[in-house]
Amino acid sequence: MFHQFKIESYLTEHEKNVAYNYSESGVHPIKIGDFFELAGRDLAEISNIEMDYPNVRGKVELREKIASLYPDANLNNILTTIGASEANYLIAETILKPGDELIALQPAYMQLPGNAQNNGITLKTVELIEAQNWALNTDQLMATVNSNTKIISIINPHNPTGHILTQTEVNAIIKAASSVGAWIVADEVYAGTERGDTPRTPSFWGQYDRVIAVNSMSKAYGMPGLRIGWIVAPEELMPQFQLRHEYTTISSTMLGNELANIALDPEVRPKLTQRARELINFGFDTLMDMLAVHNDTYSVVPPEASAMCIVRYDLPVDSLEFVNRLVHEKSTLVVPGNCFGLDRHFRCSSALPEVYLREGLANINALVAEIKGQSK
Ligand SMILES: Cc1ncc(COP(=O)(O)O)c(C=O)c1O
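Reading guide: rules and limits
Residues numbered from 1 in each chain as written. Predicted model: local features only at pLDDT ≥ 70, side-chain atom pairs only at ≥ 80, totals over all residues. Heavy atoms only, no water. Helix = DSSP H or I, 4+ residues; strand = E, 2+ residues; numbered from the N terminus. Rg over C-alpha atoms; globule rule 2.2 N^0.38 Å. Buried < 20%, exposed > 50% of the residue type's maximum accessible area, 1.4 Å probe, protein only. Contact = heavy atoms within 4.5 Å. Areas by Shrake-Rupley, 256 points an atom, 1.4 Å probe, with all protein chains shown as cover. Core = buried A, V, L, I, M, F, W, Y, C linked by side-chain atoms within 4.5 Å. Pairing = 2+ DSSP bridges. Right-handed = clockwise from strand over helix to strand, strands pointing away. Axes fitted to C-alpha atoms, helices over the stretch in contact; angles between N-to-C directions. Near = heavy atom within 4 Å. Polar contact = N/O pair within 3.5 Å; in protein donor to acceptor, adjacent residues only side chain to side chain. Nonpolar A, V, L, I, M, F, W, Y, C, P; charged D, E, K, R; others polar. Parallel < 35°, antiparallel > 145°, perpendicular 65-115°, else oblique. Left-handed = near helix turned anticlockwise from the far one by under 90°. Salt bridge = Lys/Arg side-chain N within 4 Å of Asp/Glu carboxyl O. Domains from an automatic or database assignment. Buried area = accessible area lost by both parts, 1.4 Å probe.

Caption draft 1: Region of interest: the overall build of the protein chain. Looking only at helices and strands, one finds 12 helices and 14 strands in the protein chain. Here the C-alpha radius of gyration of the protein chain, 21 Å, is about what a compact globule of 376 residues would show, namely 21 Å. Reported as C-alpha extents along the three principal axes, the dimensions of the protein chain are approximately 65 × 55 × 40 Å. Residues counted as buried form 56% of the 376 residues belonging to the protein chain. Contacts spanning at least 24 positions in sequence make up 73% of the contacts within the protein chain whose residues lie at least 6 apart. As displayed, the protein chain has an accessible area near 15800 Å², and 51% of this comes from carbon and sulfur atoms.

Below is the structure:
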């Protein structure tokens, strides 16, 4: 049986057909012109980019810059991919063999677990507990891990909850993985989206020897359309990933490599991080302000990171019906909680321009008022 990627299938249907789209999980995408201005570069540079294939492993200078973000990594630990999506796909294809099991935390963005299931791999789940601010159930993790566990799949900071694993939780995951020699695959695309003064979430890379880290330009850097991601892995795995990369995509794009290379320049990257922080902090405050209109209906565990959060609502309408009505009656899109197995919740992005955010959130509040009126 093929396991559909529920969230992406739902978004494919709706995300380009609504006036207000809060289904994105990254910070508001930056325009190329604004990016060049922020980077202090001349837009005319683009005209010199040859539309050739880039280096199949990714531009050397870019891979060196990526490697410098991880302790003791060098360019031979890095493969540039078409987004974190290809990275997660290659990892599932390369690491998992029949009979293996993968453990994923739930709820979760199901890219790696879904790819694993589609290869016949058994998925085991461990809960993040909403009533405890989405804390990891470490006892359940220890009880679930076994000699067949090949991968423990982590998203940190987490999608959809915005939870950042505490050091105690990180240690528990490492203990569980090392007890059976499993890989920790850490999808870290939301590192750099921490709220307030929370420091950048450290990578799992360097904390345990069997770590594969994944990241991309899509979320914290606001460049999902570049389609640039990467795998950081022990050097001996790289040829295995590369063999599959050559079949699936051959390479990421030349334009993506060149622009990511500018974005990760030590002079430019902090400016993008600053942009992300501002959008995230201001947007979250705006979201809270708008949700206060129905504070008897909504409840939110404030995310520690990410440009979005999970909103729980107390209404007699399931999440798919709620979001379908929102799309068709108000031209406003959020992600139905059922895509994450969380009924009567929705995921809402907030690192967006204020006017756009307020207008669409007013639509959500209007629908809630109508449902409350109807259910009286
Ligand atoms: C946790 C996680 N991993 C990977 C991806 C895919 O990102 P990319 O655009 O880098 O392919 C997403 C996108 O939402 C995500 O949330």
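Picking up after the structure, the text goes on.
Caption draft 2: Broad picture of the nonpolar core. Counting residues in each nonpolar core, the largest one holds 114 residues, and the members touching the most others are Phe35, Ile91, Phe204, Ile212, Met217, Phe241 and Phe322. If we skip the residues at most four places from it in the chain, Phe204 touches Ile154, Asn156, Leu165, Val170, Ile173, Ile174, Ile184, Ala186, Glu188 and Val211. Among the nonpolar cores identified, the runner-up in size contains 6 residues, and Val27, Ala276, Ile280 and Ala351 belong to it.

Caption draft 3: Local environment of the pairing of strand E3 (residues 101-106). With 5 of 6 residues buried, E3 is to be regarded as a mostly interior element. Alignment of E3 against strand E4 (residues 122-129), held across 6 bridges, turns out to be parallel. By the bridge assignment, Ile103 is partnered in E4 with Lys124. Handedness of the crossover joining E3 and E4 through helix H5 (residues 111-118): right-handed. With 4 bridges connecting them, E3 and strand E6 (residues 149-155) associate as parallel partners.

Caption draft 4: Region of interest: the sheet that holds E6. Sheet architecture is open: 8 strands sit in the order E2-E9-E8-E7-E6-E3-E4-E5, paired in mixed fashion. Each edge of the open sheet carries a strand with a single partner, namely strand E2 (78-81) and strand E5 (135-136). Lying on the sheet, helix H3 (residues 60-67) is in contact with E2 and strand E9 (229-232); it crosses E2 at an angle near 115°. Those strands touched by helix H8 (residues 238-248) are E2, strand E8 (211-216) and E9, and its axis lies near 20° from that of E2.

Caption draft 5: Examining the site of the ligand more closely. Taken together, 15 residues lie around the ligand, and Ser85, Asp187, Tyr190, Ser218 and Lys219 are the ones closest in. Between the ligand and Lys219, the relevant distance is 2.7 Å, taken from an oxygen atom to a side-chain nitrogen or oxygen of the residue. A distance of 2.7 Å separates an oxygen atom of the ligand from a polar side-chain atom of Arg227. Isolated, the ligand exposes 400 Å² of accessible area, and the fraction of that covered by the protein chains is 94%. The biggest single contributor to the shell around the ligand is helix H4 (residues 83-95), with 3 residues. Considering only residue class, the shell around the ligand consists of 5 nonpolar, 7 polar and 3 charged.

Caption draft 6: Quick peek at the packing of H3 against helix H9 (residues 254-263). Where H3 meets H9, the closest approach of the two axes is 9 Å, and the angle between their N-to-C directions is 45°. On the basis of their axis angle, the class for H3 and H9 is oblique. For the pair H3 and H9, the crossing hand works out as left-handed. Contact residues: Glu61, Leu62 and Lys65 in H3; Asn257, Ala260 and Asn261 in H9.

Caption draft 7: Just the pattern of salt bridges, in detail. For the structure on display, the rule yields 14 salt bridges. For Asp265, the salt bridge goes to Lys65, with nearest N and O atoms at 3.7 Å. Remark: Lys65 occurs in helix H3 and Asp265 occurs in the loop between H9 and helix H10 (269-291); sequence separation between them is 200 residues. Linking Arg358 and Asp289 is a salt bridge whose minimum nitrogen-to-oxygen distance equals 3.0 Å.

Caption draft 8: Quick look at the pairing of strand E11 (residues 308-313). For E11, a buried count of 5 out of 6 residues is recorded, marking the element as mostly surrounded by other parts of the structure. Summarising the sheet, strand E10 (residues 298-300) and E11 pair through 3 bridges and their orientation is antiparallel. Counted as the bridge partner of Val300 is Val311 from E11. With 5 bridges connecting them, E11 and strand E14 (residues 345-349) associate as antiparallel partners. Along E14, the bridge assignment pairs Met308 with Ser349.

Caption draft 9: How the structure looks around the domain arrangement of the protein chain. Annotation of the protein chain at the domain level lists domain 1 (6-31 + 270-367) and domain 2 (48-267). Put simply, the middle of domain 1 and the middle of domain 2, counted by C-alpha atoms, are 24 Å apart. With 32 residues of domain 1 at the contact, the number on the domain 2 side is 35 residues. Both faces considered, domain 1 and domain 2 share a buried interface measuring about 2700 Å² in area, 54% of it formed by carbon and sulfur atoms. We note a salt bridge from Arg277 to Glu194, for which the minimum N-O separation is 3.7 Å. Our enumeration of links across domain 1 and domain 2 arrives at 19 residue pairs in polar contact (both at pLDDT 80 or more). For the side of domain 1 that touches domain 2, the secondary-structure elements that each account for two or more residues are helix H1 (6-14), H10, E11 and E14. Tallying contributions element by element places H10 first for the side of domain 1 that touches domain 2, with 9 residues. For the side of domain 1 that touches domain 2, the class distribution of residues is 19 nonpolar, 6 polar and 7 charged.

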